[in-house]
Amino acid sequence: MTSNRRLIQLWTLRGIIYVVLVACALLMLFPFIYMLFTSLKTSDDVYNVPPRLLPNKPLSAMYNGAEVPLYRATINGQEIDVVSTEEKVTGGRFTTMDQVDVDKPTGSASLLDLPLENNPNLKDTGRVETRTNSKGEAKEFPIYEVTYNGQTRDLVLAFTPKLNKFVDPKDPENVERQTYALLSEFAAPPEENPLNRAEKVEFQWKNYEAIFSLRNLDRSLLNTSFVTIGVVLGQIVTSIFGGYAFSRIPFKGRNTLFIAYLGSIMIPFAVLIVPMYRLMVVLGWQNRLVSLIVPWIFTAYGTFMMRQFFMTIPKEIEEAALLDGCSRFRILWRIFVPLSTPAIATQVIFTFLYAWNSFLWPFIIINLGNKQDYVLTLSLIELGNVYRTEPNLVMTGAAVTILPPMIIFILAQKYFIEGIATSGLKG
Amino acid sequence: MSDVTLHPRSQEWPASPSSIVTAAMIWHAVLVVLSILVAISIFQMDRFPNKNDDLGNAVQGFVGLVALLPAVIAVWSSILMLRRHSLGRMLALALNYVMFVLGIFYLLHLWGLFVGFDDIANALHENRTWLIGFAFAYLAFRLAGRIPEKSPWRNPIEMIAVGLSMLTLIVLLWTGDAVKGLEHIFKTYSEPRTIFTTLAICISAFIAYSLLKLGRYFGETPEQRIAWQGWLMLSPNILGFAIFFAGPLLLSFYISFTKSVPGHTPDFVGLSNYRNILSIEFKIQSDLRDVNTSVVLRDPNGEELASNDDTEGNPALSRIEEFTLPATGLYAVHAQAGETGRTTGPYSLAIAQVSAGAGEVAPPEKLPLEYGKTVTGELKSQAGADWQFYGTTGDVVTITMRGKVYPSSVLDSGYNELDHFTVGSKRLVIGARETLFWQSLRNTLLFCLLLVPLSIIPALALAILLNSKIPGMHFFRAVYFLPSVAAVVGTAMIWRQLYDSRGFINFGLAEITQFINSILGTSIADPEIRWLTNPSLILFSVVLLATWQAIGFNTVLFLAGLQGVPRELYEAAYVDGANRWKQFLNVTLPLLAPTTFFVIVTTIITGLQVFAEPYALLSETDPIPIEGTTSVYYLYRKSFKSFEFGYGSSVAWIIFAMIFAITLIQFRFTRAKAYED
Amino acid sequence: MFKRLFVVVLLAALILPVLPTSAQDEITLRWRTRPDNQAEIDVYQAASDEIDAAWDGVTLQYEPGGSETAGYQDTLITEITAGTAPDVFWIPGTDVARFAKLGLILNLADLAAADADFDVNAFYPQQIEQLTYSPDGSTVLWGIPRDASAFVIFYNKDLFDAAGLDYPGMGASWTWDDFRADAEAITALGEETKGFGMNAWWANWGYFVNAAGSSFFNEDRTACGLGNEATVEALTFAQALYTDGLAVPWGEDSEPGFVAGNVGMFVNGRWGTPNLIANATFNWDAAELPAGPAGQSNWLFWGAYVVNANTEHPQEAWELVKKLTSADIQGKVAALGANIPSRAYSDQAAIDAFLATFDGKVNNQAWLNGLNYGVAEAPLWAGDWSEIDRVYGEEINKVLKGEETPQEFADTICDKVSGYFEAAQ
């Protein structure tokens with residue numbers, strides 16, 4: 001009985017926790033989902049209003065020897081896919097008087113659009129409706145007798161747009177399969193017989209092909225990986241030694257050194273840009289990958305983290321080992337390193353992210369023309385500016401930049417997070 | 001502690017202590033000569049070879065002195081060693097060790113290894129298809145890891161994985177022409193400097209190692225041994241920092257005291273950069289006083305209907321009372337504060353409607369002045385301001401204008417107004433020479449102020465939820481961490497799209513508004529937020545992006561901390577009858593204090609240096625909007641857009657001072673707390 | 001195990017090939033220009049290769065810079081500081097004063113005088129006036145204009161049809177009032193449609209100011225020139241476009257919206273055409289900017305090839321600058337549709353070639369007309385243009401977002417920038 005109630009309580013609690021967690025997860029993931037879907041769109045589709053996730057590809061057909069977009073129209077109650085011709089006629093937007101926007105006639109909600117001339121369905125009654133706009137001017141709207149859907153009504157002519165002639169590409173001459181409509185998709189469609197772009201859901205995988213061939217991104221990817229591996233390995237080595245010395249070897253001046261060291265974290269990187277650039281020039285490293293690796297393997301941040309972790313390891317273990325005659329390096333290698341795999345794993349993530357995502361320094365040190373030595377962040381910012389009118393390609397580039405670390409992280413998260421979670425900071 | 005066990009082979013060292021010391025002396029003599037030669041050649045240089053490298057005599061002198069340092073230490077240590085003083089040995093150790101490391105660094109440089117990184121990347125890129133071998137090896141290794149340890153299959157599969165990766169490596173080395181690389185290294189030995197460097201490395205290494213073994217000869221104490229062990233372990237860090245950090249830092253510090261533009265030798269200007277940036281002044285404008293005001297009412301045709309220019313009774317108040325409107329249409333009101341010269345000050349203008357006429361047409365929307373509503377603001381000039389309102393025949397209106405004015409600017413020349421506060425009739429005006437610096441500082445602090453709670457509190461909550469032992473947690477952990485894995489430049493590109501005025505965020509908000517409206521029957525307008533162009537939102541948009549990226553990161557740090565809290569403590573608390581909240585307050589929070597400290601410090605430190613987020617998000621306009629200008633962006637602008645490196649460097653040092661102060665306070669605070677516990 | 005393996009692999013990878021580069025006997029000249037897209041990079045690369053092939057003793061190395069927002073000038077400045085900048089590079093016209101005053105670029109006057117087949121009058125006089133200006137009155141030539149450009153209004157024909165409007169610039173003169181009426185009619189067409197859009201940088205609002213008869217600077221360009229009624233008139237008109245919701249909000253990039261088809265009119269330079277040709281799926285054309293109260297106005301945008309003051313080969317660098325601005329190379333670059341040859345001022349062949357770009361499907365004449373009355377984008381010798389631009393920009397933001405009245409702007413703007421002008425000498 002009590003166990004039953006406890007079980008229900010437990011599962012209710014868990015249910016709530018799950019709901020919260022899933023909601024948060026969706027929030028965190030949405031930008032990436034958006035990125036992935038957008039990277040598979042055509043550039044037109046990105047600008048669709050309202051925005052939608054799934055990539056839609058507009059359909060097209062061959063007409064007059066060119067590929068042109070297809071529209072779906074309802075003509076005489078029949079759905080027909082039509083294409084636009086060059087032919088234009090003066091048309092009219094017909095609607096009821098209450099729908100007419102007196103101040104901005106082009107904003108009037110339209111019932112239907114019809115060609116004005118030689119139209120058997122239209123009859124000018126000669127009457128007009130007069131309204132005063134906000135500026136106090138009188139505006140006249142002619143009234144027509146309009147026949148549509150088998151009925152005849154009096155409608156007012158709001159204004160006279162130019163309508164394009166649309167025909168069935170398979171049967172262009174057939175008058176039964178022709179219609180007249182506004183060409184621009186961004187003008188509000190009429191209520192009757194609206195014309196819509198014919199579309200279907202389709203993923204544009206070729207964006208990914210395009211991106212690699214366009215922007216040399218594969219080389220950037222390799223460079224970034226190369227640099228990242230170099231920096232990670234270097235940082236791990238230096239910070240394990242440094243962290244150990246700072247946490248365990250009590251020599252004179254250590255604390256002063258540590259404070260100075262810690263202080264270096266607080267130096268904004270920008271302080272170093274100019275002098276560092278000059279140093280790179282002196283060494284002949286500017287515009288070279290080495291400038292992205294060697295100067296960055298010495299890290300106060302990582303050393304600080306390792307030190308904090310080593311502090312939690314009981315002193316007794318080490319003292320016993322020292323009494324047994326172990327050398328410092330042996331102790332570090334045999335006792336501290338195995339005990340701190342989680343800390344090292346965490347540090348690997350930090351360093352990995354730091355190196356993979358670094359932007360300002362590559363931006364300064366690698367010449368803009370030197371695509372051979374580009375890293376992904378550089379390629380991406382260039383992509384974002386050169387292709388800003390094609391967000392689908394920018395998102396593809398972002399995906400190429402973002403996905404590899406994600407995949408590696410997902411594959412290795414057991415080492416990263418699990419390591420901390422299970423054996424974690426228990427010491 | 002026992003010397004014997006630590007140096008079990010020290011007696012077996014073949015050379016006698018005195019011969020080693022002699023060898024060290026001779027080597028030191030060589031070093032002295034060399035370093036003096038180098039120093040002289042630096043001092044004698046007219047200027048640095050490249051005009052653009054010229055940093056002035058101060059830097060040249062400094063580099064020359066640094067080059068002399070080995071000579072000084074060599075002499076000093078030699079003298080001390082002759083006296084068998086242990087400090088002499090330590091100094092000689094350090095000198096030879098540093099020579100050894102720098103020598104290797106230089107040798108690798110001569111070998112062309114550093115610039116060869118590009119060739120390595122090139123070779124890997126050309127043969128990238130072979131890299132797939134490593135992927136297969138990794139998969140095989142993973143597979144082996146999943147097999148139980150006792151299974152006979154485990155070892156063979158591991159061997160296959162290792163073999164496969166070795167094979168891939170050999171193929172890569174072969175296709176990448178590793179032989180030619182080795183050949184190139186050998187070729188560098190045709191130059192004497194390569195041979196000499198290699199020789200010097202060997203000698204330094206030999207001397208250093210030999211001296212290390214002479215602990216007893218020099219009467220080494222245990223403290224001294226611990227000390228050299230510590231310095232040795234720290235040496236990679238210390239040397240790396242000296243070259244890639246401390247050196248540039250000193251240079252930056254020096255530049256901050258100069259007026260530095262490219263192509264010219266920097267002029268030393270002392271503290272003037274700092275003075276300019278930090279100059280700020282507070283002035284009080286106390287004589288807030290009434291001014292003559294006037295209002296004029298014009299009919300739709302622009303004819304003056306009525307005016308009031310009350311200078312006698314109450315100068316601050318002009319009023320057209322109970323005026324009946326003769327026609328329907330747009331009326332214009334012109335209000336003016338009658339002070340001559342440029343004036344600033346608060347005003348208010350109101351139209352009180354006394355009775356409405358029988359107007360038929362509803363007034364059009366969006367007119368700036370409505371019946372019964374007061375418009376307030378600041379009159380910026382004598383020219384006054386105009387309003388319109390829509391009135392119908394027979395409306396009776398009262399128009400009131402009030403004005404108070406301050407005299408024109410109280411700030412000294414060179415100062416611009418940063419902000420002002422009005423207290424009663426007095427007004428405090430803050431002026432600065434570099435207003436943009438203060439604005440960027442404000443933005444940066446605000447960024448941190450928002451980011452710290454926004455990214456830490458949810459992270460802690462998530463970590464606690466994730467810490468409960470229920471299935472599926474691994475998945476969520478990974479998901480929350482994902483945003484922080486992504487490059488800021490990449491995520492900023494995504495958020496740029498999401499923040500678009502027709503993007504998903506606004507679409508979502510519109511849908512939510514519509515939903516609320518349909519449920520509650522309200523008519524809340526669609527917010528249509530301009531995330532990246534509305535000045536008051538720009539910084540918040542940047543913070544939101546940063547928060548999204550930081551939460552997962554902080555969650556993982558907290559989780560690590562939480563995992564370190566022993567379960568027994570909770571059990572004990574549970575036995576003591578503490579509920580979950582009490583457990584959280586009394587067990588979790590105190591034990592999480594070090595983690596929290598770490599998380600807050602790192603968040604603030606990174607927050608104060610924020611650059612990439614605003615830059616990547618807002619770089620469509622150049623420069624980025626002032627509301628998104630952070631301190632580091634400001635100094636970047638100063639250094640790389642206006643050429644003012646000296647100025648930029650001093651800004652950097654000011655930022656540094658603040659970061660240091662904040663961290664020091666926090667560090668002290670937590671350490672004190674830790675001792676209390 | 002695997003970790004160890006990986007370390008081994010990496011260490012081994014470190015001793016991969018380190019190949020010595022072959023020695024070169026020829027002079028190597030590096031040059032750079034700021035391209036806007038990959039197609040331009042390809043053309044510049046091809047031009048570089050072509051010149052290289054025909055030039056004995058000199059090897060050319062072309063380095064594309066980034067686009068404007070990718071920090072072209074920033075990188076250049078950093079490299080000049082470090083002494084690693086190319087021999088010849090392009091800079092925008094507004095930057096000539098800054099680079100020249102700092103002594104970063106070479107005065108080419110002597111080289112040009114010694115050169116018989118170089119005629120400075122072949123280029124637009126507005127450009128040459130700026131390139132031969134020196135505050136102390138000495139004879140100078142800072143560079144040669146790479147190209148020229150002017151604004152046009154790109155308009156979406158489909159939206160104009162949908163609103164039943166005549167296309168801009170057809171027939172009678174097209175004034176601000178006509179322009180606004182068109183923007184109103186198009187904005188009303190649909191919920192997401194905007195009549196007009198322009199990007200948030202100085203030339204856009206500057207056009208309105210110029211067309212109303214005001215100017216950024218006073219006559220001799222030593223002080224602010226915005227404190228007048230014409231500025232108020234210009235900004236009142238521009239502000240209303242924004243506050244009445246007729247335009248894409250100020251500060252938002254209008255180009256994607258126009259390319260997508262929901263903006264009726266978009267102000268941009270010649271550089272905007274290739275993207276439209278490639279990506280616009282609607283019918284469009286270009287028209288001259290509307291005539292303001294003070295008549296027609298436009299900008300003449302330009303940039304120049306300049307020579308690094310520290311180059312080791314000034315004579316060859318000068319030759320390169322000349323070759324890069326030859327009618328032939330300019331024609332090839334202009335064929336892409338992003339530039340107008342700066343020789344189009346005097347060279348009929350250049351004009352004809354330009355008018356023929358895009359097979360004449362685009363109203364190319366609109367640009368040439370604009371260039372004729374265009375105000376040159378000009379370097380500011382007596383002030384810090386980047387700071388002045390920043391302050392102008394901040395205040396304009398307030399005006400166009402409706403937070404400040406044009407009157408307030410005109411009253412206060414000149415005080416705000418006075419500190420950034422140097423005292424006249």
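Just so it is clear, the structure is predicted and the values come from calculations on it, not from any experiment.

Quick look at the overall build of chain C
Then, in step 1: Counting its regular elements, chain C contains 18 helices and 13 strands.
Then, in step 2: Considering chain C as a whole, with its 425 residues, one finds that 54% of them fall into the buried category.

A word on the overall build of chain A
Then, in step 1: A count of helical and extended segments in chain A gives 14 helices and 13 strands.
Then, in step 2: Its C-alpha radius of gyration of 35 Å places chain A more than 25% over the 22 Å reference for a compact globule of 427 residues.
Then, in step 3: Viewed in the frame of its principal axes, chain A has a C-alpha envelope of about 110 × 80 × 50 Å.
Then, in step 4: Evaluated residue by residue, chain A yields a buried proportion of 48% over its 427 residues.

Overview of the pairing of strand E1 (residues 27-33) of chain C
Residues and elements named next belong to chain C.
Then, in step 1: Counting buried positions along E1 gives five out of seven residues, so the element sits mostly inside the fold.
Then, in step 2: Relative to strand E2 (residues 58-64), E1 runs parallel, the two sharing seven bridges. Looking at E2, one finds that Leu29 is bridged to Leu60.

Examining the interface of chain A and chain B
Then, in step 1: Opposite the 94 residues of chain A that make contact, chain B presents 89 residues.
Then, in step 2: In terms of residue count, helix H14 (residues 391-422) of chain A provides more of the side of chain A that touches chain B than any other element does, 15 residues in total.
Then, in step 3: Within the side of chain A that touches chain B, the residues separate by chemical class into 63 nonpolar, 21 polar and 10 charged.

Regarding the environment of Ile399(B)
Then, in step 1: Within the fold, Ile399(B) resides in strand E12 (residues 396-405).
Then, in step 2: Expressed as a C-alpha distance, the spacing of Ile399(B) and Val295(B), which sit 104 residues apart in the sequence, is 7.8 Å.

Brief notes about the interface of chain C and chain A
Then, in step 1: Residue-level contacts link 43 residues of chain C with 40 residues of chain A.
Then, in step 2: Broken down by secondary-structure element, the contributors of at least two residues to the side of chain C that touches chain A are E2, helix H3 (72-82), helix H7 (157-162), helix H8 (176-189), helix H11 (254-260) and helix H12 (273-279) of chain C.
Then, in step 3: Looking at the side of chain C that touches chain A, the element that brings in the most residues is H3(C), giving five residues.
Then, in step 4: Considering only residue class, the side of chain C that touches chain A consists of 15 nonpolar, 20 polar and eight charged.

Digging into the packing of helix H6 (residues 132-146) of chain B against helix H7 (residues 154-175) of chain B
Residue and element names in this part refer to chain B.
Then, in step 1: The contact between H6 and H7 brings their axes to 8 Å, and the two run at 165°. Accordingly, the angle class assigned to the pair H6 and H7 is roughly antiparallel. In terms of crossing hand, the pair formed by H6 and H7 is left-handed. In contact with Gly133, Phe134, Phe136, Ala137, Ala140, Phe141, Leu143 and Ala144 of H6, H7 contributes Arg154, Ile157, Glu158, Ile160, Ala161, Leu164, Ser165, Leu167 and Thr168.

Looking at the nonpolar core
Then, in step 1: By size, the foremost hydrophobic cluster in this structure holds 358 residues, and its most contacted members are Ile293(A), Val489(B) and Ala304(C).
Then, in step 2: With 17 residues, the top contributor of residues to this core is helix H16 (residues 535-563) of chain B.
Then, in step 3: Ignoring anything within four residues of it in the chain, the contact list for Ile293(A) reads Val227(A), Gly230(A), Val231(A) and Phe117(B).
Then, in step 4: If you look at the next biggest cluster of nonpolar residues, it comprises 12 residues, including Val296(B), Tyr331(B), Val333(B) and Met401(B).

Here's the deal with the sheet that holds strand E7 (residues 194-197) of chain C
Residue and element names in this part refer to chain C.
Then, in step 1: The strand order across the open sheet formed by four strands is E7-E8-E6-E9, and the pairing between neighbours is mixed. Taken across any chain shown, the strands that pair with only one partner, and hence form the sheet edges, are E7 and strand E9 (284-287). Adjacent strand axes in the sheet meet at a mean angle of 20° when their direction is disregarded.
Then, in step 2: Sheet topology note: the E7/strand E8 (residues 263-268) ladder contains three bridges and is parallel. In the sheet register, Gly197 faces E8, and the bridge partner there is Phe266.

Some details on the confidence of the model for chain A
Then, in step 1: Mean pLDDT over chain A: 84, with 95% of residues reaching 70 or higher.
Then, in step 2: Confidence over residues 419-427 of chain A falls short of pLDDT 50; this stretch has 26 contacts with residues more than four positions distant or in other chains.

A short note on the environment of Met493(B)
Then, in step 1: Structurally, Met493(B) can be placed in helix H14 (residues 488-499).
Then, in step 2: Assessed through the 26 C-beta atoms surrounding it within 10 Å, Met493(B) is described here as buried.
Then, in step 3: Taking the C-alpha atoms as reference, Met493(B) lies 6.8 Å from Leu617(B); in sequence the two are 124 residues apart.
Then, in step 4: Setting aside residues no more than four positions away along its own chain, Met493(B) makes contact with Leu380(A), Gly384(A), Val394(A) and Ala398(A).

As for helix H5 (residues 117-126) of chain B
Then, in step 1: The buried fraction of H5(B) is high, at seven of 10 residues.
Then, in step 2: If you check which residues of H5(B) are buried, you get Phe117(B), Asp119(B), Ile120(B), Ala121(B), Asn122(B), Ala123(B) and Leu124(B).

Considerations on the packing of helix H2 (residues 17-44) of chain B against helix H3 (residues 57-82) of chain B
Residue and element names in this part refer to chain B.
Then, in step 1: Remark: H2 packs on H3, axes separated minimally by 8 Å, with the N-to-C direction vectors making an angle of 160°. Overall, the two elements H2 and H3 adopt an arrangement that is roughly antiparallel. Two packed elements cross with a definite hand, and for H2 against H3 that hand is left-handed. Contacts between H2 and H3 involve Val21, Ala24, Met25, His28, Leu31, Val32, Ser35, Ile36, Val38, Ala39, Ile42 and Phe43 on the former and, on the latter, Gln60, Val63, Gly64, Ala67, Leu68, Pro70, Ala71, Ala74, Val75, Ser77, Ser78 and Met81.
Then, in step 2: Classifying every residue of the contact of H2 with H3 gives 18 nonpolar, six polar and no charged.

Observations concerning the sheet that holds strand E13 (residues 416-423) of chain B
Residues and elements named next belong to chain B.
Then, in step 1: Overall, antiparallel pairing links the three strands, which are arranged E3-E14-E13 in an open sheet. Because the sheet does not close on itself, it has two edges, and the strands there are strand E3 (280-285) and E13. The average angle at which neighbouring strand axes cross in this sheet is 20°, direction not considered.
Then, in step 2: Pairing of E13 with strand E14 (residues 426-432) involves seven bridges; the strand directions are antiparallel. Looking at the pairing, Asp419 lines up with Ile430 of E14.

A word on the pairing of strand E3 (residues 66-69) of chain A
Residue and element names in this part refer to chain A.
Then, in step 1: Where strand E2 (residues 60-63) meets E3, four bridges bridge the pair, whose relative direction is antiparallel. The residue of E3 that forms the bridge with Ala61 is Val68.
Then, in step 2: Joining the antiparallel neighbours E2 and E3 is a turn of two residues, in which Asn64 adopts a positive phi near 55°.

Overview of unusual backbone geometry
Then, in step 1: Phi angles above zero are rare outside glycine, and Asn149(A) is one such case at about 50°.
Then, in step 2: Looking at the secondary structure, you find Asn149(A) in the loop between strand E8 (138-148) and strand E9 (151-157).
Then, in step 3: The exposed category is assigned to Asn149(A), around which 11 C-beta atoms lie within 10 Å.
Then, in step 4: Despite not being glycine, Arg84(B) has its phi angle at roughly 55°, a positive value.
Then, in step 5: Relative to the helices and strands, Arg84(B) resides in the loop between H3 and helix H4 (86-111).

Section: the confidence of the model for chain C
Note: predicted coordinates in regions of low pLDDT should not be interpreted at a detailed level.
Then, in step 1: On average, residues of chain C score 85 in pLDDT, and 90% of them reach the 70 mark or higher.
Then, in step 2: Scored by ipTM, the complex comes to 0.81, with pTM at 0.77.

Some details on the environment of Leu450(B)
All names here are of chain B.
Then, in step 1: Mapped onto the fold, Leu450 is located in helix H12 (residues 435-467).
Then, in step 2: For Leu450, a count of 18 C-beta atoms within 10 Å translates into the label partly exposed.
Then, in step 3: Spatially, the C-alpha atoms of Leu450 and Leu544 are 9.1 Å apart, while their sequence positions differ by 94 residues.

Basis of the calculations
- Each residue is numbered by its place in its chain's sequence as written, counting from 1.
- All chains are assigned letters beginning with A, and all ligands numbers beginning with 1, in the order in which they are written.
- Restriction of local features to residues with pLDDT of at least 70 applies here, the model being predicted, together with a cutoff of 80 or more for giving and counting side-chain atom pairs; totals for whole chains, interfaces and linings are based on all residues.
- A run of DSSP states H or I qualifies as a helix once it reaches four residues; a run of E qualifies as a strand once it reaches two. Both are numbered from the N-terminal end.
- To sort residues by burial, count the other C-beta atoms lying within 10 Å of each one's C-beta; a count of 20 or more means buried, 12 or fewer means exposed, and anything in between means partly exposed. C-beta atoms are built from the backbone.
- Here the radius of gyration uses the C-alpha set of atoms, whereas the globule reference equals 2.2 Å times the residue count to the power 0.38.
- Here, strands pair whenever DSSP counts at least two bridges between them.
- We call two residues in contact when the distance between their C-beta atoms, placed using the backbone, is within 7 Å.
- Throughout, the ten residues Ala, Val, Leu, Ile, Met, Phe, Trp, Tyr, Cys and Pro are labelled nonpolar, Asp, Glu, Lys and Arg are labelled charged, and all others, Gly among them, are labelled polar.
- Lines fitted to the C-alpha atoms define the axes, with helices restricted to the stretch that makes contact. Angles between their N-to-C directions range from 0 to 180 degrees.
- Orientation is classified from the angle alone, with under 35 degrees giving roughly parallel, over 145 giving roughly antiparallel, 65 to 115 giving roughly perpendicular, and any other angle giving oblique.
- By definition, turning the near helix anticlockwise from the far helix through less than a right angle yields a left-handed crossing, and turning it clockwise yields a right-handed one.
- Here, a nonpolar core means buried Ala, Val, Leu, Ile, Met, Phe, Trp, Tyr and Cys residues linked by C-beta atoms lying within 7 Å of one another.
- A residue's pLDDT is the confidence the predictor assigns to it, expressed on a 0 to 100 scale.

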